[in-house]
Amino acid sequence: MPTTTWTRHHILSLADFTTTEYNAVLQTAASFQEVLSRRTKKVPTLQGQVVANLFFEPSTRTRSSFELAAKRLSADTLNFASSTSSMTKGETILDTAKTYLAMGTDIMVIRHREAGVPGAIAQEMDRLGVRVGVLNAGDGLHEHPSQALLDLFTICTLIDPNYPHLELLKDKKIAIVGDILHSRVARSNIWSLTASGAQVHLAAPPTLLPKLFADYGKDRPGKLFLHWKLEPALEDADFVMSLRLQKERMTTHLLPSLREYHQLFGLTRSKLRLCKPDVKLLHPGPVNRGVEISSDLMDDPEMSLIQTQVTSGVAVRMALLYLIGSGKV
């Protein structure tokens, strides 16, 4: 493992992550990926610590991944679901967090449909003077840091399995296609990928890609480009990331039909011929098959990194919990 000191106690956003922090996560995750390849996949790193997964919003991949990551580090885990909690009786979010604090929680992993909730809980923990780390597992239309970090790790380890680091993506062309307006994953990926020096191309219908996203790419090593047609984003791309259409968040009629969306922005084998010959495909999941991506592409092991992303997620989340829990790498 690298030997630099980790000073960040909460991971709420990637907007202010440094190159040193990105590389610490990538290289720590690489160490844990090696652990996960062993017959005994458990280390005593966080033994005696308690990780509480406070998910106020449904989740499959992220919640399961964090729970498994904590258990692989020998931490005790507590799992919260709002539908079966005292919140149904009127308890506030901060009171819920303080209840878990009183149980001896050391790290809180928080997902909420409203932006800013993990930050508010982190602020309350700091106000109370307790050393409880807060990790944002997705908040509203704000960010999803661990997903972007596992995407980064997936790409970097493909390029250099032995030494994944941020600089590997300098000048790589990476297209992000889909419902960017409602995607916290896209926002976090924009921060991480532009920090790497990559050329990031966003593509979506105008209703799902407002011009305000151009501000995200300012004053970063990489560059950000907006496209309202798919072809310019795909041309000579090294990697293509598709995003789910988040119909549950669409409060207005933003698309004529799913069929038309797939015709114009759905990824198919013929459309990806515009990319580099060895292009790789990513998607944070869950996938609407036949809408965002054709099924044959999704299941193609030569092109699709979707299952690799899921596997990478455990190692990356182990790294994040370890860094917050130990304060060193």
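Our structure is the block above this text.
Along every chain, residues carry numbers that run from 1 in the direction the sequence is written. Whole-chain, interface and lining totals are the exception, using all residues; otherwise, since this is a predicted model, local features are given only for residues with pLDDT of at least 70 and side-chain atom pairs are given and counted only at 80 or more. Hydrogen atoms and water are omitted, and side-chain values are computed over all heavy atoms in the structure.

### Here we look at the packing of helix H2 (residues 61–72) against helix H10 (residues 306–326)
Running from N to C, H2 and H10 point in directions that differ by 60 degrees, and their axes come no closer than 8 Å. In terms of orientation, H2 and H10 fall into the oblique class. Judged by the twist between their axes, the crossing of H2 over H10 is right-handed. Where H2 abuts H10, its residues Arg-61, Thr-62, Ser-65, Phe-66, Leu-68, Ala-69, Ala-70 and Arg-72 lie against Gly-313, Val-314, Arg-317, Met-318 and Leu-321. For helices, the fitted line uses only the C-alpha atoms of the stretch in contact; every axis is such a line through C-alpha atoms, and the angle between N-to-C directions lies from 0 to 180 degrees. Each helix is a run of H or I in the DSSP string that is no shorter than four residues. Each strand is a run of E no shorter than two, and both are numbered from the N terminus. Put simply, angles under 35 degrees are roughly parallel, angles over 145 are roughly antiparallel, angles from 65 to 115 are roughly perpendicular, and the rest are oblique. Left-handed is the label given to a crossing in which the near helix is rotated counterclockwise from the far helix by less than a right angle, and right-handed is the label when the rotation is clockwise. By definition in these notes, contact holds between two residues if any of their heavy atoms fall within 4.5 Å.

### A closer look at the pairing of strand E4 (residues 133–139)
Of all seven residues in E4, seven are buried, a share of seventy percent or more. Convention used here: a crossover is right-handed provided that the path from the first strand, over the helix, to the second strand proceeds clockwise when the strands point away from the viewer. Note on the crossover from strand E3 (residues 107–112) through helix H4 (residues 117–128) to E4: the handedness is right-handed. In this scheme, a residue with accessible area under 20% of its type's maximum is buried, one over 50% is exposed, and one in between is partly exposed, where area comes from a 1.4 Å probe on protein chains only.

### Here's the deal with helix H8 (residues 258–265)
Because an α-helix completes one turn every 3.6 residues, residues spaced three or four positions apart along the sequence face the same direction. Considered for burial, the residues of H8 that qualify are Tyr-261, His-262 and Phe-265. The buried residues of H8 occupy an angular sector of 100 degrees when the element is viewed end-on, so they sit on one face. For H8, the exposed residues set more than 90 degrees away from the buried face come down to Arg-259 and Gln-263. Against strand E5 (173–177), strand E6 (199–203) and helix H7 (230–234) lie the buried residues of H8. Starting at the helix axis, one direction is taken to each C-beta atom, and the arc is that of these directions.

### Quick look at the sheet that holds strand E8 (residues 239–242)
Strand order in the open sheet made by the five strands is E7-E6-E5-E8-E9, with parallel pairing throughout. Since the sheet does not close on itself, it has two edges, and those belong to strand E7 (223–227) and strand E9 (280–282), each with one partner. In this sheet, neighbouring strand axes are inclined to one another by 20 degrees on average, regardless of whether the strands run parallel or antiparallel. Following DSSP output, two strands are said to pair if at least two bridges run between them. Bridge analysis of E8 against E9 gives three bridges, and the strand direction is parallel. Each bridged residue has a counterpart across the sheet, and for Phe-239 the counterpart in E9 is Lys-280.

### Structural notes on the environment of Leu-264
Here Leu-264 shows up in helix H8. Given a relative accessible area of 46%, Leu-264 falls into the partly exposed group. In this structure the C-alpha to C-alpha distance between Leu-264 and Leu-230, which are 34 residues apart in sequence, comes to 7.1 Å. Setting aside residues no more than four positions away along its own chain, Leu-264 makes contact with Leu-230 and Lys-271.

### Quick look at unusual backbone geometry
Pro-286 follows Gly-285 through a cis peptide bond whose omega is -10 degrees. Inspection of the secondary structure puts Pro-286 in the loop between E9 and helix H9 (295–298). One non-glycine residue, Asp-171, lies in the positive phi region at around 70 degrees. Secondary-structure assignment places Asp-171 in the loop between helix H5 (145–159) and E5.

### So, the sheet that holds strand E1 (residues 50–55)
Read from one edge to the other, the open sheet built from four strands follows the order E2-E1-E3-E4, with strand pairing classed as parallel. Every interior strand has two partners, whereas the edge strands, strand E2 (76–81) and E4, have only one. Sheet twist, expressed as the mean angle between neighbouring strand axes with direction ignored, is 15 degrees. Here E1 runs beside E3; their pairing, made up of five bridges, is parallel. Residue Leu-54 lies in a different strand from E3, and its bridge partner there is Ile-110. Sheet strands in contact with H10 are E1, E3 and E4, and its direction is about 150 degrees off that of E4.

### A few points about the nonpolar core
Counting residues in hydrophobic clusters, the biggest one holds 93 residues, and the most contacted among them are Tyr-22, Val-109, Leu-202, Val-240 and Leu-321. Tallying contributions element by element places H10 first for this core, with 11 residues. Beyond its immediate chain neighbours, meaning those up to four positions away, Leu-202 contacts Ile-176, Ile-180, Ile-190, Leu-209, Phe-213, Leu-224, Phe-225, Leu-226 and His-227. Within this scheme, the nonpolar core is defined by two criteria: the residues are buried Ala, Val, Leu, Ile, Met, Phe, Trp, Tyr or Cys, and they are joined through side-chain atoms within 4.5 Å.

### A closer look at the environment of Gln-199
Within the element layout of this structure, Gln-199 appears in strand E6. On the basis of relative accessibility, which here comes to 19%, the residue Gln-199 falls in the buried class. Note: C-alpha distance between Gln-199 and Asn-79 (120 residues apart in sequence) is 39 Å.

### Observations concerning the packing of aromatic side chains
By convention here, two paired aromatic rings are described through the distance between centres and the angle between planes. In this scheme Phe, Tyr and Trp rings, the latter by its six-membered ring, pair at centre separations within 6.5 Å, and the angle between planes marks the pair as stacked below 30 degrees, edge-to-face above 60, and tilted otherwise. Evaluation of the coordinates by the stated rule reveals eight aromatic pairs. Between Phe-32 and Tyr-322 the ring centres are 5.6 Å apart and the planes differ by 80 degrees, which places this aromatic pair in the edge-to-face class. Of this pair, Phe-32 sits in helix H1 (residues 19–36) while Tyr-322 sits in helix H10, and the two are 290 residues apart along the sequence. We classify Phe-32 as buried; its relative accessible area is 2%.

### Re H10
Any helix carries an expected span of 1.5 Å times its number of residues minus one. Its 21 residues give H10 an end-to-end C-alpha distance of 30 Å, which sits within 8% of 30 Å, the value for a rise of 1.5 Å per residue. Along H10, the largest kink reaches about 25 degrees and is centred on Ser-312. Among the 21 residues of H10, 15 are classified as buried, and the element is accordingly described as predominantly covered. At every residue, the bend is computed as the angle between two fitted axes, covering the seven residues ending there and the seven beginning there respectively.

No statement about biological role is implied by the geometric values presented.
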